[in-house]
Amino acid sequence: MPTPLVVGNWKMNPPSIAEAVALAQALRAPLGAVEGVERVVCPPFVALPAVADALAGSPIVLGAQNVHPQPKGAFTGEVSGAMLQGVCSHVIVGHSERRHSLGETDDFVNAKVLAVLGLGMTPVLCVGETLEERDAGEASAVVERQTAAGLAGVEPGDVTKVVLAYEPVWAIGTGRAATPETAQEMIGGIRAHLVRLTDSATAAQVRLLYGGSVNAANAAELAALPDVDGALVGGASLDPDAFVAIARAFATRA
Ligand code: PGA
């Protein structure tokens, strides 16, 4: 079983760099003390250097919330993977807030996955269906399509370097997490799809996270699911007590 992983996606929070540093300082000792789980926090770009300083020497590592696939050039407002190297070990790609509000396509997300892998960092590839797609009975097909497209061109030996996060769009920021049955069914489906794309030994090593309204109260039942290797946490990652409790719940899987 792969080492569990919890990733805090701070999104466009907190409102200042000073508050981001304060959050990192509040997490540093209690989250650093939770063994048996990899811990990643993803602050906004502008806060990355200051949060890196605040977490220096701790086992908590940094991720970015996005990246542009090109190494440099005329891409106003974008940040390249090379700029993140040395600061971040992980990069979230294909978050539904970017797919749906900013029109990111499967192909663009795939280019990001390849760029991040090429730079030796870990992509956290988000997939998940909307409520409309679920109601239309298309949830598994959508997630399979996003998974296959996101991993296109990834060398078979590199698939284990990708983290996949199943984040049903209807569960993100709504307080309505997927039930354990749904989370297991969908994430088990991703694992089965990975077996078809690679082989069972490789598929067993890929970290599959659940994301969408994970909190201190539901983390233990999610962590108990056979195919859920960790969590991608939004709102609750801004509350140090809650994020530490979530990390502890997943640490017991190790
Ligand atoms: P949430 O967000 O935990 O606030 O639902 C999860 C995410 O968007 O990654």
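Structure shown above.
Residues numbered from 1 in each chain as written. Predicted model: local features only at pLDDT ≥ 70, side-chain atom pairs only at ≥ 80, totals over all residues. Heavy atoms only, no water.

1. So, the pairing of strand E2 (residues 38-42)
Here E2 lies mainly inside the structure; four of its five residues are buried. Direction of pairing for strand E1 (residues 5-9) relative to E2: parallel, over a ladder of five bridges. Bridge pairing in E2 links Asn-9 to Cys-42. Across two bridges, E2 lies against strand E3 (residues 61-64) in parallel orientation. Its bridge partner lying in E3, Val-40 is registered against Val-61. Between the parallel elements E2 and E3, the chain passes through helix H2 (residues 48-55) in a crossover that is right-handed. (Buried < 20%, exposed > 50% of the residue type's maximum accessible area, 1.4 Å probe, protein only. Helix = DSSP H or I, 4+ residues; strand = E, 2+ residues; numbered from the N terminus. Pairing = 2+ DSSP bridges. Right-handed = clockwise from strand over helix to strand, strands pointing away.)

2. Here we look at unusual backbone geometry
The phi torsion of most residues other than glycine is negative, and most of the peptide bonds are trans. Asn-13 connects to Pro-14 through a cis peptide bond whose omega is -15 degrees. Within the secondary structure, Pro-14 is located in the loop between E1 and helix H1 (17-32). Although it is not a glycine, Lys-11 adopts a positive phi angle of roughly 55 degrees. When you line up the elements, Lys-11 lands in the loop between E1 and H1. Using a relative accessible area of 21% as the deciding quantity, one classes Lys-11 as partly exposed. The phi angle at Ser-213 is positive, at roughly 60 degrees, despite the residue not being glycine.

3. Quick look at the sheet that holds E1
If you walk around this closed barrel you meet the eight strands as E1-E2-E3-E4-E5-E6-E7-E8, and the pairing is parallel. Ignoring strand direction, the axes of neighbouring strands in this sheet form an average angle of 25 degrees. Two elements, strand E6 (residues 163-166) and strand E7 (residues 208-211), share three bridges in a ladder whose sense is parallel. Considered in E7, the bridge of Tyr-166 is made with Tyr-210. Each of E2 and E3 touches H2; the most contacted strand, E3, lies at about 165 degrees to it. (Axes fitted to C-alpha atoms, helices over the stretch in contact; angles between N-to-C directions. Contact = heavy atoms within 4.5 Å.)

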